[in-house]
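Coordinate inspection notes
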Amino acid sequence: MTRARSDEVYVVGCGMHPFGRDETVTGMAMAERAVREALADAGVGWEDIGYAAGGSDVSGKPDTLVGRLGLTGVPFVNVQNGCATGASTVLAVANALRAGEASLGLAVGFDKHERGAFTVSAARYGLGDWYAESGMMLTTQFFALKTRRYLHEHGVSERALAMVAARAFRNGAQHPMAWRRKPLTEQEILDSAEVSPPLTQYMFCSPGQGAAALVLALGDRAFDLCERPVRLASLALRTRRFGSFEVFSPWLPPGPHRSPSVDAAEAVFRRAGLRPADVRVAQLQDTDSGSELIHLAETGLCGHGEQEELLAAGDTDATGRIPVNTDGGCLAGGEPVGASGLRQFHEVVRQLQGRAPGVQVPGAPQVGFTHVYGAPGISACAVLTV
Amino acid sequence: MTTRLMAEGLFEGADPLRLVGARCSGCHTVVFPRQDSCPRCAVGAMSAHVLPVRGLVWSWTLQAFPPKPPYRPPSGGFQPYHVGYVDLGEVLVEARLEVPRRQMRIGLPVRLTTMPAYHDEDGTEVLTFAFRPDPEEDR
Ligand SMILES: [Zn+2]
């Protein structure tokens, strides 16, 4: 789909509060810092923002940020959309800009979670108490069950799971805003505590905290503000269709099991007029090593079963053919649900602008890709270009 | 000691005990547990459908750490346990697997059984469903 430049939306500034764990700072304070950084990066003030959207899963109503940033009367939409929260804020702002609501908008996401596994409620997912009481309502089990089946069906070894995590921690070690900054060998990852085989402790991300924000501009305004604006070529959000293999499923149909990630990825590449092979820097949801492995193929970045070869050849390293999670992803950054998707945008934008905070992909990449996936069967993908 | 089933709506009969789901009259989709509307088509009516007792392990994992509440540990305290999906042909059902690790594999023939989940405060043993290796199938 070709649009006139006046209808294109660009990222012209981005900001981020370091991910990790810091008891001295609230979710809202982290969000404020990310917003102020994004505004400074774009060279604009809060009063210039004509439309805003914010998302948080557990850390407060995002629109109350106006009390900290300035009571300008700006329209501010709150989003609570699980792992797709960040992408949904970008979608809300981009659509508002294209609809003529404003020429400059802001998207922000933040969260600060408790330690340990996310707490669940059977009733909230429409399930009977028996499901949780009998010990089957754990996200870690779901990821392990899905991964086990995938490895079996596609002939991928458990070592590939360790390769994914080792690359994440290698990249995270070089990223100033990552949480886990210590490289680990594949053997250390395989030998870490068994959580739910085939997944070990270091193959899972942890709920953490963080915030990220983007300033978006419409058409020529973007080029007035920014030397190298990054075009939001396409963004698609999808929910599951019948037969997808999702978390907290007491039953599944016999198959095939088609993920919403497949639908979202197909839609963004089609709309952008690009192919997965054009992508030079990618962000994939890596709540665990198995998820990233599966998402590599579901998004079309490689074929099913090709992952192990790709990883072993270093093709997903920053210097490889298709660099993945150059900031260490969720594995190294943790997963503050509301901030995670915007962290992905932050990293890809900075990579495409040639100013990555951590390891920079060489050769001036021009096409970037982001992907999130989460409960209860949602996915959002974006293609970004310079 | 008295016993009871964890949730009455999941089961039919006592000896042998069967799992009961629902089947759509329109598209023949089988779900578990029962629900009143079809997740696949908008037209079918759902009616109770007794599930096969035999199947094959479709995927499996181990729960190595004690889950947070609302999980209820057995009276002897938490012990790591296996869970998985069992392929019953018309539907895959998630269940506890009473299968030793050395025997566990995708494709293992299993059959329905019950196992103690926890005890009520009055001492009643609460049973949940599980699958164990099928002696008639495993040679
Ligand atoms: Zn139906």
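Please read all numbers here as calculations on a predicted model, not as lab measurements. (Residues numbered from 1 in each chain as written. Chains lettered and ligands numbered in written order. Predicted model: local features only at pLDDT ≥ 70, side-chain atom pairs only at ≥ 80, totals over all residues. Heavy atoms only, no water.)

**Observations regarding the overall build of chain B**
- When its secondary structure is counted, chain B shows 0 helices and 10 strands.
- Sequence-ordered secondary structure for chain B, helices as α and strands as β, is β-β-β-β-β-β-β-β-β-β.
- A principal-axis box enclosing the C-alpha atoms of chain B has dimensions of 50 × 40 × 30 Å.
- Going through the 139 residues of chain B one by one, you find that 50% of them count as buried.
- For chain B, restricting intrachain contacts to residue pairs at least 6 apart in sequence, the fraction spanning at least 24 positions comes to 53%.
- Taken as a whole, chain B presents about 6800 Å² of accessible surface, with 49% of it coming from carbon and sulfur.
- Within chain B, the 16 negative side-chain charges are centred at a point lying 6 Å from the centre of the 15 positive side-chain charges. (Helix = DSSP H or I, 4+ residues; strand = E, 2+ residues; numbered from the N terminus. Buried < 20%, exposed > 50% of the residue type's maximum accessible area, 1.4 Å probe, protein only. Contact = heavy atoms within 4.5 Å. Areas by Shrake-Rupley, 256 points an atom, 1.4 Å probe, with all protein chains shown as cover. Lys, Arg positive; Asp, Glu negative; His and termini not counted. Charge placed at Lys NZ, Arg CZ, Asp CG, Glu CD.)

**Brief notes about helix H1 (residues 27–42) of chain A**
Residues and elements named next belong to chain A.
- Counted at 1.5 Å a residue, the expected span for H1 with its 16 residues is 22 Å, and the 23 Å between its end C-alpha atoms agrees.
- Turning to H1, its buried residues are Gly27, Met28, Met30, Ala31, Glu32, Ala34, Val35, Ala38, Leu39 and Ala42.
- Looking at the buried residues of H1, the elements they touch are strand S1 (9–20), helix H2 (66–69), strand S4 (104–112), strand S7 (209–218) and helix H8 (220–225). (Expected span 1.5 Å × (residues − 1).)

**Brief notes about the layout of surface pockets**
- Considered as a void within the structure, the second largest pocket measures approximately 590 Å³ in volume.
- Around the second largest pocket, the lining is made up of 24 residues, and of these Arg240(A), Phe248(A), Ser249(A), Trp251(A) and Gln35(B) lie nearest the centre. (1 Å grid on protein atoms, 1.4 Å probe; cavity = no way out; pocket = protein on both sides within 12 Å on 5 of 7 lines; lining within 4 Å. Points joined across faces, edges and corners; volume = space filled by probe spheres on them.)

**With respect to the side chain of Glu133(A)**
- With respect to the helices, strands and loops of the structure, Glu133(A) is situated in helix H4 (residues 129–133).
- No salt bridge is formed by the buried Glu133(A). Its closest oppositely charged neighbour is Arg72(B), at 4.4 Å.
- Among the polar contacts made by the side chain of Glu133(A), one reaches the side chain of Tyr118(B) at a distance of 3.1 Å.
- Excluding residues that lie within four positions of it along the chain, Glu133(A) makes contacts with Met6(B), Pro70(B), Tyr71(B), Arg72(B) and Tyr118(B). (Salt bridge = Lys/Arg side-chain N within 4 Å of Asp/Glu carboxyl O. Polar contact = N/O pair within 3.5 Å; in protein donor to acceptor, adjacent residues only side chain to side chain.)

**Considerations on the sheet that holds strand S10 (residues 281–283) of chain A**
Residues and elements named next belong to chain A.
- An order of S3-S2-S4-S7-S1-S8-S12-S11-S10 is seen for the 9 strands of this open sheet, with the pairing classed as mixed. Only two strands of the sheet have a single neighbouring strand rather than two, namely strand S3 (76–79) and S10. When strand polarity is set aside, the average angle formed by the axes of neighbouring strands in this sheet is 20 degrees.
- The pairing of S4 with S7 spans 9 bridges and is antiparallel. (Pairing = 2+ DSSP bridges. Axes fitted to C-alpha atoms, helices over the stretch in contact; angles between N-to-C directions.)

**Section: empty space enclosed by the protein**
- Taken as a whole and judged by the stated rule, the model has 4 cavities of 30 Å³ or more.
- Approximately 50 Å³ is the volume attributed to the largest cavity.
- In terms of lining residues, the largest cavity is bounded by Tyr131(A), Met136(A), Leu138(A), Gln141(A), Phe142(A), Glu246(A), Val247(A), Phe248(A), Ser249(A), Tyr85(B) and Glu94(B).
- Residue composition of the lining of the largest cavity, grouped by class: 7 nonpolar, 2 polar and 2 charged. (Nonpolar A, V, L, I, M, F, W, Y, C, P; charged D, E, K, R; others polar.)

**Digging into the interface of chain A and chain B**
- Taken together, the contact pairs 34 residues of chain A with 41 residues of chain B.
- Surface buried jointly by chain A and chain B totals about 3300 Å² across both partners, of which 63% is contributed by carbon and sulfur atoms.
- On the chain A side of the contact with chain B, Trp130(A), Glu133(A) and Trp251(A) bury the most area, a combined 21% of that side's loss.
- The interface formed by chain A and chain B includes 15 residue pairs in polar contact (both at pLDDT 80 or more).
- When residues of the side of chain A that touches chain B are traced back to their parent elements, those giving at least two are H4, helix H5 (139–154), strand S5 (194–196) and strand S9 (251–252) of chain A.
- If one sorts the elements of the side of chain A that touches chain B by residue count, H5(A) sits on top with 8 residues.
- Residues belonging to the side of chain A that touches chain B are distributed by class as follows: 18 nonpolar, 10 polar and 6 charged.
- Two strands pair when backbone bridges link them, and S9(A) and strand S8 (residues 92–97) of chain B are joined in this way by 2 bridges, in the antiparallel orientation. (Buried area = accessible area lost by both parts, 1.4 Å probe.)

**Re the domain arrangement of chain A**
Residue and element names in this part refer to chain A.
- Considered domain by domain, chain A is made up of domain 1 (5–115 + 210–225) and domain 2 (138–205 + 233–385).
- Between the C-alpha centres of domain 1 and domain 2 the distance comes to 24 Å.
- Facing 33 residues of domain 1, the contacting portion of domain 2 comprises 26 residues.
- Overall, the association of domain 1 and domain 2 removes approximately 2500 Å² of surface from exposure, summing both partners, and the carbon and sulfur fraction of that is 74%.
- Considering only the side of domain 1, the residues that lose the most area to domain 2 are Met16, Phe19 and Cys83, jointly responsible for 29% of the buried surface there.
- There are 1 salt bridge connecting domain 1 and domain 2.
- We note a salt bridge from Arg355 to Asp41, for which the minimum N-O separation is 2.8 Å. (Domains from an automatic or database assignment.)

**Structural notes on the coordination of the zinc ion**
Residues and elements named next belong to chain B.
- Protein coordination at the zinc ion: the donors are Cys24 (SG), Cys27 (SG), Cys38 (SG) and Cys41 (SG), at 2.3 to 2.4 Å from the metal.
- Ordering the donors of the zinc ion by residue number gives the pattern C-x2-C-x10-C-x2-C. Taken together, the residues Cys27 in the loop between strand S3 (18–24) and strand S4 (30–31) and Cys41 in the loop between S4 and strand S5 (46–50) connect sequence positions 14 residues apart.
- A relative accessible area of 19% places Cys41 in the buried class. (Donors = N, O, S within 2.8 Å, 3.2 Å for Na, K, Ca; no water.)

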